[in-house]
Amino acid sequence: MVIITVFSTKGGTGKTTVTANLSAVLADMGFRVLMIDTDVQPSLSKYFPLHYRAPNGVVEFLLEKNDETTIRSTISNTIYPNLDIIFSNDVSDDVQVKVQNRPDRAFLLRSKLVHPYIAENYDAVLIDTQGSVGVIQDAACFAANLVLSPIMPETLSAREFISGTQDALERLAHGSIMNLPIPPLRALIYARDRTKDARMISEQIRKYFNSTLDPNKRLLTLEIPSAKAYKEASTLRIPVHCHEYTHSGKSSSARRQMINLVYELFPSIEEQKVECHLFGDNLENLLPEENTANLSAENIQNGAEDGSHE
Ligand SMILES: Nc1ncnc2c1ncn2[C@@H]1O[C@H](COP(=O)(O)OP(=O)(O)OP(=O)(O)O)[C@@H](O)[C@H]1O
Ligand SMILES: [Mg+2]
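Residues numbered from 1 in each chain as written. Chains lettered and ligands numbered in written order. Predicted model: local features only at pLDDT ≥ 70, side-chain atom pairs only at ≥ 80, totals over all residues. Heavy atoms only, no water.

- The name given to the chain in an unreviewed UniProt entry is Cobyrinic acid a,c-diamide synthase, with the source organism recorded as Neisseria chenwenguii.

Observations regarding the pairing of strand β8 (residues 185–192)
Part 1: With respect to burial, β8 is a largely interior element, 6 of its 8 residues being buried.
Part 2: By the bridge criterion, 6 bridges tie β8 to strand β9 (residues 217–225) in an arrangement that is parallel. Each residue of the ladder has a partner; that of Arg192, found in β9, is Pro225.
Part 3: What joins β8 to β9 is helix α10 (residues 196–211), and the crossover it makes is right-handed. (Buried < 20%, exposed > 50% of the residue type's maximum accessible area, 1.4 Å probe, protein only. Helix = DSSP H or I, 4+ residues; strand = E, 2+ residues; numbered from the N terminus. Pairing = 2+ DSSP bridges. Right-handed = clockwise from strand over helix to strand, strands pointing away.)

With respect to the sheet that holds strand β5 (residues 83–86)
Part 1: The strand order across the open sheet formed by 9 strands is β3-β4-β5-β2-β6-β1-β7-β8-β9, and the pairing between neighbours is mixed. Looking along the sheet, the strands with just one partner apiece sit at the ends: β3 (50–52) and β9. Going across the sheet, the axis of each strand differs from the next one's by a mean of 30 degrees, ignoring polarity.
Part 2: Most of the contacts of helix α1 (residues 15–28) go to strand β6 (residues 124–128), to which it runs at about 165 degrees, and overall it touches β1 (2–6), β2 (33–37), β5, β6, β7 (146–151) and β8.
Part 3: Packed onto the sheet, helix α13 (residues 254–265) meets β1, β7, β8 and β9 and runs at close to 170 degrees relative to β9. (Axes fitted to C-alpha atoms, helices over the stretch in contact; angles between N-to-C directions. Contact = heavy atoms within 4.5 Å.)

Considering the site of ligand 1
Part 1: Residues in contact with ligand 1 amount to 15 residues; listed here are only the nearest, Gly12, Lys15, Thr16, Thr17 and Tyr190.
Part 2: In this structure, an oxygen atom belonging to ligand 1 sits 2.8 Å away from a main-chain N or O atom of Gly12.
Part 3: In this structure, an oxygen atom belonging to ligand 1 sits 3.0 Å away from a main-chain N or O atom of Gly14.
Part 4: When ligand 1 is considered free in solution it has 630 Å² of accessible area, and contact with the protein chains removes 78% of it.
Part 5: Elements represented by at least two residues in the shell around ligand 1 include exactly α1, β9 and α11 (228–236).
Part 6: With 3 residues, α1 is the single largest residue contributor to the shell around ligand 1. (Near = heavy atom within 4 Å. Polar contact = N/O pair within 3.5 Å; in protein donor to acceptor, adjacent residues only side chain to side chain. Areas by Shrake-Rupley, 256 points an atom, 1.4 Å probe, with all protein chains shown as cover.)

A closer look at the confidence of the model for the chain
Atomic detail in the predicted coordinates should be set aside for any region of low pLDDT.
Part 1: Averaged over all residues, the pLDDT of the chain is 85; the fraction at 70 or higher stands at 85%.
Part 2: Scored below 50 in pLDDT, residues 278–310 makes 67 contacts in the model with residues more than four places away or belonging to other chains. (pLDDT = per-residue confidence, 0-100.)

Considering α13
Part 1: The terminal C-alpha atoms of α13 lie 17 Å apart, and with 12 residues this matches the ideal 16 Å at 1.5 Å per residue to within 8%.
Part 2: Of all 12 residues that make up α13, 11 are buried, and the element is covered over most of its length.
Part 3: When we look at burial in α13, the residues that qualify are Ala254, Arg255, Gln257, Met258, Ile259, Asn260, Leu261, Val262, Tyr263, Glu264 and Leu265. (Expected span 1.5 Å × (residues − 1).)

As for the pairing of β5
Part 1: Along β5, one buried face is formed by Leu83 and Ile85 and the opposite face, lined by Asp84 and Ile86, is buried too.
Part 2: Bridge count for strand β4 (residues 76–78) against β5 is 2 bridges, and the pairing is antiparallel. Pairing of Asn77 across the sheet is with Asp84, part of β5.
Part 3: Two successive antiparallel strands, β4 and β5, enclose a turn made up of 4 residues, where Asn82 displays a positive phi of approximately 70 degrees.

Examining the packing of helix α9 (residues 155–171) against α10
Part 1: For the pair α9 and α10, the least separation of the axes is 9 Å and the interaxial angle reads 25 degrees. One element, α9, and the other, α10, form an angle in the roughly parallel class. When the axes of α9 and α10 are compared, the crossing they make is right-handed. Packed against α9, whose contacting residues are Thr155, Ala158, Phe161, Ile162 and Gln166, the element α10 presents Ile201, Ile205, Tyr208 and Phe209 at the interface.
Part 2: By residue class, the composition of the contact of α9 with α10 is 7 nonpolar, 2 polar and no charged. (Parallel < 35°, antiparallel > 145°, perpendicular 65-115°, else oblique. Left-handed = near helix turned anticlockwise from the far one by under 90°. Nonpolar A, V, L, I, M, F, W, Y, C, P; charged D, E, K, R; others polar.)

Encoded structure:
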């Protein structure tokens, strides 16, 4: 099972949109996907219509017993096959306060996600987080195999990424004392518009990543443009890959962008010519080698310059 936490300390960078659409495209490919909304503003919870609404949500998932009955009572089904959600019902920000002083707070999500019920029923768990620093965000990162961080190419977002998100991830290094590995980071240039400013900032972000020698941190080759398809799909409450199949003009369709995002996160899927049909492979084996120590800075740089799958 793969656990992807979508994280950035800045608000409004596209976390919820990426979580929803990446989850949906994986589900359409046949993987069984569970989304978890840990944001107190429950945008992901409202993103797709529900087929079945569970009596409980993320508060009970995090704070109540770690048994199958409790876990099942928190899982709702969206109207889309293979796509479930634990919705956020923490409107008063209660969990954050309740767990603040608990010694096991870093394990809060990890300890739940190792339950066999989750492992047996899901191939991927995608966790949406609130755009700030906090105990729950830390716990969500500690639970992940991969942290995906969207960065909007505008000065404030880029600065916030370099200071805020990076600092937050550095702090996670303390977890190594508790044998919690720091998950690899994949940053994604997100909602890039056509301005010269956005191009310059994107180039700076790329340079920054090329100059960091930490093989655990990489910037994806793919860039998601600012495009109305994403807003439209969210208004219609449908996955963007089902909304925009083709796109005239320079950039690719939203469908192609989402498939390319999957390809880049799970490179071995590429050969299988995935076009959103059911194909029962084990997602875990399709993740790139997580021990990226053999990736030299040069390889990372070449990777960044390769261009997209288009
Ligand atoms: N590719 C895109 N192009 C243009 N607009 C987009 C794109 N993706 C998302 N948006 C819009 O940008 C806004 C912010 O997106 P989103 O809610 O996903 O960000 P967020 O990081 O989850 O925000 P928050 O921190 O408030 O939870 C939304 O209005 C969304 O519709
Ligand atoms: Mg959000």
